[in-house]
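Listed below, chain by chain, are the residues.
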Amino acid sequence: TDFFVNLILLGGSSVGKSALVKRYLNQQFNSEYKPTGLEQLSTQIKVGGATATMQIWDIGGTRIDMGKKIMDVCNIFLFCFSVIDEGSFEQIKSLFLSLQHYRGSNVFMCLVGCKADLRNSDSVSEQRITQFTTEMKELEYRETSAKTNDRVADIFNFSLIFAYKQYIYRQKSIQE
């Protein structure tokens, strides 16, 4: 292993965090909701000629108290909400704002809209999402569907590219 990635998925219950992880790691989707307490998964991935070990932390609901020590070592934060649940969007906005102290040049944060396959006229508007990400400056947004496997890998790969760039930067610093 050349470098490590510690990724945490945060968001309300049943927004699709676990489904996203299972689709990414195992190419599986289960439509039955099973509450997650705390699950740690790991995988190794080749990125630009280097090997990354990715630790994925899936915390059920918004049990932030459970994840404080984990968040201290994470360099990737995925803030997940369901695009069909206004309440989950408001909840993740509040959670994101409460965790601003984790932001920094070595940390990647991304807002993730889950269940995009269910998007309809009552869904969280793209305008509201864009307004929030713009206000939060440099907050990336990605929309995905674990059910249809639409852009699932993109979310994790985008995160890995950030971590890989950090790894390359550290390598160059060591050599200088």
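Notes on the structure follow. (Residues numbered from 1 in each chain as written. Predicted model: local features only at pLDDT ≥ 70, side-chain atom pairs only at ≥ 80, totals over all residues. Heavy atoms only, no water.)

Right, let's talk about the packing of aromatic side chains for a bit. Summed over the entire model, instances satisfying the criterion amount to 13 aromatic pairs. Seen from their ring centres, Phe3 and Tyr164 are 6.2 Å apart, and the 45° between their planes marks the pair as tilted. You can see Phe3 sitting in strand S1 (residues 3-10) and its partner Tyr164 sitting in helix H5 (residues 152-175), a full 161 residues away along the chain. As far as the burial class goes, Phe3 and Tyr164 line up, both buried. Between Tyr164 and Tyr167 the ring centres are 6.2 Å apart and the planes differ by 35°, which places this aromatic pair in the tilted class. Remark: Tyr167 and Tyr164 occur in helix H5; sequence separation between them is three residues, near one turn of the helix. Overall, Tyr167 belongs to the buried group, its relative accessible area being 12%. Through a chain of ring-to-ring contacts, the aromatic side chains of Phe77, Phe79, Phe81, Phe89, Phe96, Tyr102, Phe132 and Tyr141 assemble into a single cluster. (Phe/Tyr/Trp six-rings, centres within 6.5 Å; stacked < 30°, edge-to-face > 60°. Helix = DSSP H or I, 4+ residues; strand = E, 2+ residues; numbered from the N terminus. Buried < 20%, exposed > 50% of the residue type's maximum accessible area, 1.4 Å probe, protein only.)

Generally speaking, soluble globular proteins have nonpolar side chains that are buried together. Of all hydrophobic cores here, the largest spans 29 residues; its most connected members are Phe3, Met54, Leu78 and Phe156. Mapped onto this core, the elements with two or more residues apiece are S1, helix H1 (17-26), strand S2 (38-47), strand S3 (50-59), strand S4 (76-82), strand S5 (108-114) and H5. If one sorts the elements of this core by residue count, H5 sits on top with eight residues. Apart from residues lying up to four places away in sequence, Phe3 is in contact with Val47, Ala50, Thr51, Ala52, Thr53, Ala163, Tyr164, Tyr167 and Arg170. Within the second largest apolar cluster, 25 residues are counted, among which are Ile8, Val83, Phe89 and Met109. (Core = buried A, V, L, I, M, F, W, Y, C linked by side-chain atoms within 4.5 Å. Contact = heavy atoms within 4.5 Å.)

What follows deals with the pairing of S1. Taking burial as the measure, the eight residues of S1 include seven buried ones, the bulk of the element. Pairing of S1 with S3, which is carried by seven bridges, proceeds in the parallel orientation. Residue pairing in the sheet places Phe3 in a bridge with Ala52 of S3. In the sheet, S1 pairs with S4 via four bridges, with the strands oriented parallel. The residue bridging Leu10 from the neighbouring strand is Phe79, located in S4. (Pairing = 2+ DSSP bridges.)

Once that is clear, we can look at the packing of helix H3 (residues 86-98) against helix H4 (residues 126-135). How two helices sit against one another is set out by the angle between their axes and by the gap between those axes. Close contact between H3 and H4 brings their axes to 12 Å; oriented N to C, the two are set at 0°. Relative to H4, H3 is oriented roughly parallel. On the side of H3, the interface is formed by Glu86, Phe89, Glu90, Lys93 and Phe96, while H4 contributes Arg128, Ile129 and Phe132. Here the residues of the contact of H3 with H4 are counted per class, giving four nonpolar, no polar and four charged. (Axes fitted to C-alpha atoms, helices over the stretch in contact; angles between N-to-C directions. Parallel < 35°, antiparallel > 145°, perpendicular 65-115°, else oblique. Nonpolar A, V, L, I, M, F, W, Y, C, P; charged D, E, K, R; others polar.)

Think of it this way: side chains of opposite charge can pair up when their charged atoms draw near. Under the counting rule described, the total for this entry stands at six salt bridges. A salt bridge links Arg128 to Glu86; the shortest N-O distance between them is 1.9 Å. Of this pair, Arg128 sits in helix H4 while Glu86 sits in helix H3, placing them 42 residues apart in sequence. Of the residues examined, Arg128 reaches a relative accessible area of 27% and is grouped as partly exposed. A salt bridge links Glu140 to Arg142; the nearest nitrogen and oxygen atoms lie 3.4 Å apart. For Arg142, a relative accessible area of 24% puts it in the partly exposed group. A single network of salt bridges, built from pairs that share partners, joins Glu86, Glu90, Lys93 and Arg128. (Salt bridge = Lys/Arg side-chain N within 4 Å of Asp/Glu carboxyl O.)

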